[in-house]
Structures are given as structure tokens and as C-alpha cells.
Amino acid sequence: MISFPFFLPSKASGETLSIASDNDTSEKKTVAHVALPVPLDRCFDYKIRPDQSPVVGGRVRVGFGRQQLIGVVIRLSNFSDFSFDKLKPLTQVLDQTPLWPNSLYSLLKWSSEYYQYPFGDTLANAMPAWLRKGKAASFETLREWHLTELGKNQNISALTRAPKQAKVLSLLHLCSQPHEQLLSQQISSATLKTLQTKGWVEERQVQKQQQCWHSEFNVTEDKPQLNEEQAIAVASVNANPEFACYLLDGVTGSGKTEVYLNLIEPVLKKGQQALVLVPEIGLTPQTINRFKRRFNVPVETIHSGLNDTERLNAWLSAKEQHAGIIIGTRSALFTPFKQLGIIIVDEEHDASYKQQDSMRYHARDLAVMRANLDNIPIILGSATPALETLHNAKTGKYHHLTLTRRAGHAKPEKHGVLDVKGLYLESGLSAPMIAQMRKHLTEGNQVILFLNRRGYSPALMCHECGWMAECQRCDAYYTFHQHSSEIRCHHCGSQQPIMHQCHGCGSTQLISVGVGTEQLESQLNQLFPEYKTIRIDRDSTRRKGSLESYLESIKRGEYQILIGTQMLAKGHHFPNVTLVGLIDVDSSLFSSDFRAPERLAQLFIQVAGRAGRASKAGEVLLQTHHPEHQLLQSLLHKGYGEFATTALIERKQAMLPPYTFLTLFRAEANNNQLVEEFLRQIRGVLENNPVYDQYTLVLGPTPAPLAKRAGKYRWQLLLQAPNRKVMQTLLRSAKPAIQLLPLAKSIRWSIDIEPQDLS
Ligand code: ADP
Ligand code: ZN
Ligand code: ZN
């Protein structure tokens, strides 16, 4: 039996952790306790009218002050702390059955407590927008228009005085049309009504087709024969259909996806469903197609690009078991399933699994909790596992499965360090790098350069007096964007046309400092006019769908030189890329964030995996002023595993996660002193708590790394505890006292449990 890595908070006072037990009652209750989407850690009581039958886990509409809100019933009883006569009745009962299955509801309850986020808000965030707005939790019915027999017999050419009606009739002669479709063709509802009154057309409600895939389940493509390591991995997981967490630690291209597919197969065969989580950028058509090609089951995707109707339909497909596989980003974790059989978290180390606002949950960690509650296996896959995950594997909490060889015939890549000390850099490029690029390009291959800085250059400076263009609202310099002739603040988004005179001395000698992707691009166009260069960053891929189309043209070989920020490092396979260059490694080696070395190592391994995936051998080159740096040395010569071991020892010595647990309090306001004072008071609350002892530590308050953003001053306070239990106990008893601090109302503040980003 594997012990679960999380500390489970106890059942909250009086509230249910189980919907079923609460709804299973023959006695009619009179009070509904409702969680509302308001930032308060409490529920609200409403009277149940005799004709109403709310259910725990179902939505109700209620009056709240002067507004009507939609909330979720979390308990039914015959008692209220308030006088019964004062209670308002429920305005409307929206659901006859709970929105979530029992185990998912428990997970939501658990998340709300663990991440210190109000339950009402947690539930609201876990619903598709349409449900939050009160729509029925059933598939959108489609309204379709058909011709009646009478309509079919009309002579359309006789309708010259009613061209709109004639248009409708001729459209419907071809085939019946959905209501929305007709509206989009400039046909008004009034025209349709007129035709309906004449009895020429009729409206029908169509339900989304009920599909039943599990009786006809099939594998629909030839599968490769698994190699020995893959076969062992598959067999280990299949040996036990109950909860267990597996780390699938496999080098890039070792066939992790093939293992996922082989694990999903028996699950689908049993009629159960699979949830596959991918990083934000990983949800490309290639990924989805691999799952679609393999099985004849409906595959649905859930990600931020869906509109509200698509999102509700995907959510319902999983809940009603129309979908066999759901592939989605972070938030897909909260999808209800009728019969979930397995969870897969691909690229589990990816930072996009951590939500950075509202409930700051970690989808990978919650996925483990969900698998535990559902009692099913979960697989965390990565070529560069997070140090936390590796630690759990090393201590036996997770099973450690490894794939050490690239599947197929890919050759391993070569890598090297370019010492650029004292070398002239042309927009960041050293002469040896340029020479190496030329070699690969002449051989007909593609080259990728990584630079994690968008824009033309990170700053604009006066050559005469050293003045630098600085954002008025943030503690940061403007980034110079030559392409659009403006300077932009990457922190608050403010922008202005580029100035022509220094604001310090009036000189016109303004120069750009440092190198961004835009500058690199224009430099490469000059250096290699005979090759086509493309830049993939947040600026160049703003338009929806543009990233996908760029990736396709790269694959078709339309571009030879690719410039990317880390966007390009994840999960994309470019078989013709044989050279990968990391232009500026030093900024990560010397960062104040303790996770920066881990992130650099992950980026390096991930991009190295992009090179030479087909039969061509790849080469990775790093430009640095510090070739002797310990981290680079261990990474280059011994690989990620060895690097991780060393890094874990360092973390232990420094008492950093995963050996301790952190919580970050962030606060911001217009008044600098008040923010600091507020965090100092929080510090006082924590230190006076009985749980606080010599093993717990508060650091700060300190100004945030970006001390001012969009006019607001930002401070932070870091709390460190030896384990989750102490952290949770401390936070739970301290939070009510913090909320009572007078400043808590006027200052924007948040609690980030196990923060991934300390800025
Ligand atoms: P990863 O997810 O670890 O990066 P993939 O699953 O994408 O690796 O596999 C890399 C390539 O190797 C893919 O083209 C895949 O089809 C192929 N592949 C995977 N497993 C095998 C196998 N057992 N035999 C042959 N080819 C395989
Ligand atoms: Zn700014
Ligand atoms: Zn000047």
C-alpha cells in the first residue's frame, strides 16, 4: 500500500463530504445551506418551500442583497442559526440531481480547504460558464427548421414580393437548417414566425445524438510492438487497477505517449473513460489526432479556446459518458466523469499546471488526489520530472517507471558549450554559433534558436546620459518593440510610441540595450538572406490559430530558421531540426528564483529532444560566459537524473521544497506603507499561533521582485513549515484572524499554497 503524499484535512464542521449520504433521505427538509460565489468562507441559509426539492450538489437561484445569485446547496437540514422567519425562500431550484459525482464533489471540497479558497467560489469556478449563469445542465438542444408538406408545394418564384421568405424556402428545400444558421444568413426570427404561421415551415428541437461507443470499442490502427521498457511499464500499471501513482520517467521520444495509449486501451475496453491532462501549449492537433486515430471512441478536448457552448457540451459528454477520452489543460481536471478509469498527466513538470490566480491549485497534485478518491491509477509522465515528483518517487510514495531509450530509430544528440567570454556578439550571436548554423543550413536542415525575451530589446537607453525609458506605473523598464515602433511594459501592458529625445538630457541618441527575439530575427534576416526565418513568441502568435498554422508550415519546411521563446520547447516534434541553440543561458543561471536552475535544466533537455528525432543526429549548443558552472557541467555530462539528484541535495541543505512546504502571502495597494504594515500584522498573527514553533519560519515582509506594478505597491511574506500537516493546521486557524484585520478589507491580498513562482 502506498501512502498518500497529501495531508487530508478533517471533515469540516458539520458540512458534508458526501453528496449521496445527504441526498438519501426520505424526510423533507426545510432549510437549504447554500454556497454562493462570494469571497466569504461561509454558507447562507434559505427556506425551502413545500413544492421545492433541492439536492445537495445541485444549483439554486437565491436572493442575496438586491441581486439574484446562483449557488450550490451544500447541506439540507431543519435548523438554521438564524430565525426561521427571517430566512428568504429559495427563488428557484435549478437541478434535480447533483452536478458532480460524489468523488469529484469531495475533491472540490478538499481543494477549497487545502488551497484556502472559499467553497462557493471553488464550486462556481468548477462549472462551465453556462451553468454559472443558470442554464440547464443538459445538452444544448438545437432548434431546426424544416419545410412542411404545404411548404414543399409552394411556388417559390411566385414570392417576388417577399424575397426573405423565398430565400428561406429555397434554403430549406436543400436541407433543414439550424436556427442559428438562418440567423447568421440575415434571416430574422420574424420572417420565420410568419412562415410558421402560414404553416409552410415548422420548428423541431433536436437533441445531440446519444452515442454508445463501449459496445463497439475497437483499436483502429496498427500499433507498434512495445519495447521491453515500455512493456514493463504497461504491465506494472495494469497489474493493479486500484489507486497508485506512477512516475513515467522517460527521455524525450522514448515512447511515453505509446505507453499512455496502451494503458488507456483496457480501460476503454471495460467501458470506462480516460482523462489526459496536457500543458497549455501541448494541445495541438497532432496530440489529439494520435488519440483519435487509435480508438473508435469520441475524444473531446477542454481548453481555454472553447466558447461557452462548446465547453458545456464537452463537460456533459464526459458526464454522460458520450466521450471515451477527454484531453484537456489544467481546468479539465474538474470535469465530471460517469466512469473514470485512469488519469494521465503528460509533461507533469510543466509550470502551466499551477493556476496563478483565484484558487491557486496545482492540477498535477490535485489529479493525484482525484485518482485517490476515485481509486484508480494515475500516471505522471515527463522527460524532466519536477524535483517534487522525483522526491516522491525516491521515497516510495510513487512507483518509478523509466524509459531510457528513444523509441524508433532516432539518434542521440550531441551537445556543447560555447564560451562567449570576450567574443563580439552580433545581436546576441557569437561567430562560432553563426558558423555552426551555416553548416547545418547548407546541409538542408532546420535550426532553432531559443531566447526567452520577446520584443526588440529589453530596454531603451540614452547614449549620452544613461537615462532609461521606464514605465511610470511599474518598477520596470519599457521593452522596445521596433516592429510596431513603440515601447511596451511587459508587466502592466501600457505602451506608447517610441520617443525621439531623451527625457533626461534631451539628446536624440537613444540606443537599444540587450537583445530580444525581434532583434534576433532582423539580425538573422541580414546574416542569412537566402533562408527564411520565423519567430514564434507571444507577440507573433496573438491571433487565434496562428500558432498551429506556423507549426504546420515549419513542418512543411517553409522556414529554415526558427526563433522561439519557451513556447516552442514543449512537445512539438520537428524532425528536420538538427541544430538547437540556447542564446542566453546566463540569465537563468543567476536568477533569484530557487527554481530557475531546475527550469533551465528542463528547457535544455526538452529542446535537446527536439533535435534529431528522425534519423538525423542533432546538436545542441549553449552560449554562456560561465562554461565551468557546476549546473551546466552536471547537466551536460551526466544528464537530467544526475542533475536532479544534486539539485535535491542542495534543496535539502537549503531547507527548500520538497523538504519544506511554503506558502506565499501576496499583497498590493496604492499605499506602500499600508501594504507592508498589513503583512507585518499577518506575521504577528502567524507567530502568535500555538502551532507556530521553532520548525516554522516566516520571512519578510519584503518587496516583491517586481515591487510596483500598474501603480500598485507589492509586498510579500513567505511562510515555511516542515510538513503539510503543520502548514495546513497553522493556516486554517490563522486565516479567520487575518480576515478580521481591519486592513484586510482595503488591501488586495492572496494566499498561494506551494507557490511555483515567487514573483
Ligand atoms: P514521447 O511521448 O516519449 O516523446 P512518443 O510516444 O511520441 O514519445 O514516441 C516517439 C516516436 O516513437 C513516435 O513517432 C512513436 O510513434 C514512436 N514509437 C513509440 N514507441 C514505439 C515502439 N515501441 N516501436 C516503434 N516506434 C515507437
Ligand atoms: Zn508597467
Ligand atoms: Zn540623456
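See above for the structure.
Everything numeric here is computed off the predicted structure, so don't read it as measured data.

Reading the values: rules and limits
Residues numbered from 1 in each chain as written. Chains lettered and ligands numbered in written order. Predicted model: local features only at pLDDT ≥ 70, side-chain atom pairs only at ≥ 80, totals over all residues. Heavy atoms only, no water. Helix = DSSP H or I, 4+ residues; strand = E, 2+ residues; numbered from the N terminus. Rg over C-alpha atoms; globule rule 2.2 N^0.38 Å. Lys, Arg positive; Asp, Glu negative; His and termini not counted. Charge placed at Lys NZ, Arg CZ, Asp CG, Glu CD. Pairing = 2+ DSSP bridges. Axes fitted to C-alpha atoms, helices over the stretch in contact; angles between N-to-C directions. 1 Å grid on protein atoms, 1.4 Å probe; cavity = no way out; pocket = protein on both sides within 12 Å on 5 of 7 lines; lining within 4 Å. Points joined across faces, edges and corners; volume = space filled by probe spheres on them. Nonpolar A, V, L, I, M, F, W, Y, C, P; charged D, E, K, R; others polar. Near = heavy atom within 4 Å. Polar contact = N/O pair within 3.5 Å; in protein donor to acceptor, adjacent residues only side chain to side chain. Areas by Shrake-Rupley, 256 points an atom, 1.4 Å probe, with all protein chains shown as cover.

1. Here we look at the overall build of the protein
Line of reasoning, step 1. Along the backbone of the protein there are 22 helices and 30 strands.
Line of reasoning, step 2. Computed over C-alpha atoms, the radius of gyration of the protein comes to 29 Å, within 12% of the 27 Å expected from 2.2 N^0.38 for 759 residues, which places it in the range of a compact globule.
Line of reasoning, step 3. With the C-alpha coordinates of the protein rotated into their principal frame, the extents come out at 80 × 80 × 70 Å.
Line of reasoning, step 4. Charge centroids of the protein, computed over 84 positive and 72 negative side chains, lie 4 Å from each other.

2. Considerations on the sheet that holds strand S19 (residues 479–481)
Line of reasoning, step 1. Spatially, three strands are ordered S19-S20-S21 in an open sheet, and the strand pairing comes out antiparallel. For this open sheet the edge positions go to S19 and strand S21 (495–497), each flanked by a neighbour on one side alone. Direction aside, the axes of adjacent strands within the sheet are offset by 25° on average.
Line of reasoning, step 2. As paired elements, strand S20 (residues 486–488) and S21 share three bridges and run antiparallel to each other. Across the sheet, Arg-488 pairs through a bridge with Gln-495, a residue of S21.

3. Focus: empty space enclosed by the protein
Line of reasoning, step 1. Going through the model one piece at a time under the given rule, you end up with one cavity of 30 Å³ or more.
Line of reasoning, step 2. Taken as a whole, the largest cavity encloses approximately 70 Å³ of empty space.
Line of reasoning, step 3. Lining the largest cavity are 13 residues, and of these His-349, Arg-364, Ala-386, Arg-599 and Gln-756 sit closest to its centre.
Line of reasoning, step 4. Sort the elements by how many residues they give to the lining of the largest cavity and helix H19 (residues 596–608) lands first, with three residues.
Line of reasoning, step 5. The residue makeup of the lining of the largest cavity, split by class, is two nonpolar, four polar and seven charged.

4. Comments concerning the site of ligand 1
Line of reasoning, step 1. As a matter of local geometry, ligand 1 sits amid 17 residues, with Gln-225, Gln-230, Lys-256, Thr-257 and Arg-290 nearest to it.
Line of reasoning, step 2. With respect to ligand 1, the side chain of Thr-257 contributes an N or O atom lying 2.8 Å from an oxygen atom.
Line of reasoning, step 3. Arg-290 is positioned such that a nitrogen or oxygen atom in its side chain is 2.8 Å from an oxygen atom of ligand 1.
Line of reasoning, step 4. For ligand 1, the protein covers 72% of the area, taking 550 Å² as the surface of the free molecule.
Line of reasoning, step 5. It is helix H10 (residues 256–269) that provides the largest number of residues to the shell around ligand 1, a total of three residues.
Line of reasoning, step 6. Its residues placed into classes, the shell around ligand 1 shows four nonpolar, nine polar and four charged.

Everything listed is a geometric property; what it means functionally is a separate question.
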